[in-house]
Amino acid sequence: MVVTEEETENGIVVSLKVAPSDMGKVIGKQGRIARAIRSVVKAAATREDKKVIVEIE
């Protein structure tokens, strides 16, 4: 997995590049793990008064 961060005019974009064989593990059943990752990042971003977008590639 490779994590990159890019600042754009809309906020900070965090990209998670995952191997195709690990994609299911990162997303989880019905997207639960991906949703949890986004929730934690959003909570931390709110504390810093920033907007963060998480993309899983």
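See above for the structure.
Cut-off values and rules
Residues numbered from 1 in each chain as written. Predicted model: local features only at pLDDT ≥ 70, side-chain atom pairs only at ≥ 80, totals over all residues. Heavy atoms only, no water. Helix = DSSP H or I, 4+ residues; strand = E, 2+ residues; numbered from the N terminus. Expected span 1.5 Å × (residues − 1). Contact = heavy atoms within 4.5 Å. Salt bridge = Lys/Arg side-chain N within 4 Å of Asp/Glu carboxyl O. Buried < 20%, exposed > 50% of the residue type's maximum accessible area, 1.4 Å probe, protein only. Pairing = 2+ DSSP bridges. Axes fitted to C-alpha atoms, helices over the stretch in contact; angles between N-to-C directions.

Caption draft 1: Seen up close, helix α2 (residues 32–47). Counted at 1.5 Å a residue, the expected span for α2 with its 16 residues is 22 Å, and the 23 Å between its end C-alpha atoms agrees. One or two residues past the end of α2 sits Asp49, with phi positive at roughly 60 degrees.

Caption draft 2: Summary view of the side chain of Ser15. Residue placement: Ser15 occurs in strand β2 (residues 11–17). Each residue touching Ser15, except ones within four places of it in the same chain, is listed here: Val2, Val3, Thr4, Glu55 and Glu57.

Caption draft 3: Structural context of the pattern of salt bridges. Summed over the entire model, instances satisfying the criterion amount to 1 salt bridge. Asp22 serves as the salt-bridge partner of Lys25, at 3.8 Å between the closest nitrogen and oxygen. Among the residues examined, Lys25 registers a relative accessible area of 62% and is labelled exposed.

Caption draft 4: Broad picture of the sheet that holds strand β3 (residues 52–56). Taking strand neighbours across the sheet as the criterion, the 3 strands line up as β1-β2-β3 in an open arrangement whose pairing is mixed. The open sheet is flanked by β1 (2–8) and β3, the only strands paired with a single partner. Each strand of the sheet is rotated relative to its neighbour by a mean of 20 degrees, with strand direction disregarded. Both β2 and β3 contribute to a ladder of 5 bridges, which runs parallel. When the sheet's bridge partners are listed, Val13 is paired in β3 with Ile53.

Caption draft 5: Here's a closer look at the environment of Glu5. Topologically, Glu5 is positioned in strand β1. The exposure class of Glu5 is exposed, given its relative accessible area of 63%. When the C-alpha atoms of Glu5 and Leu16 are compared, they prove to be 9.1 Å apart, with 11 residues separating the residues in sequence. Filtering out sequence-adjacent residues up to four positions away, Glu5 remains in contact with Ile12 and Val13.

Caption draft 6: How the structure looks around unusual backbone geometry. Despite not being glycine, Gln30 has its phi angle at roughly 55 degrees, a positive value. Summarising the element assignment, Gln30 is placed in the loop between α1 (23–27) and α2. In this model, Asp49 sits at a positive phi of 60 degrees, which is unusual for a non-glycine residue. Inspection of the secondary structure assignment puts Asp49 in the loop between α2 and β3. Given a relative accessible area of 72%, Asp49 falls into the exposed group.

Geometric values such as these leave the question of function open.
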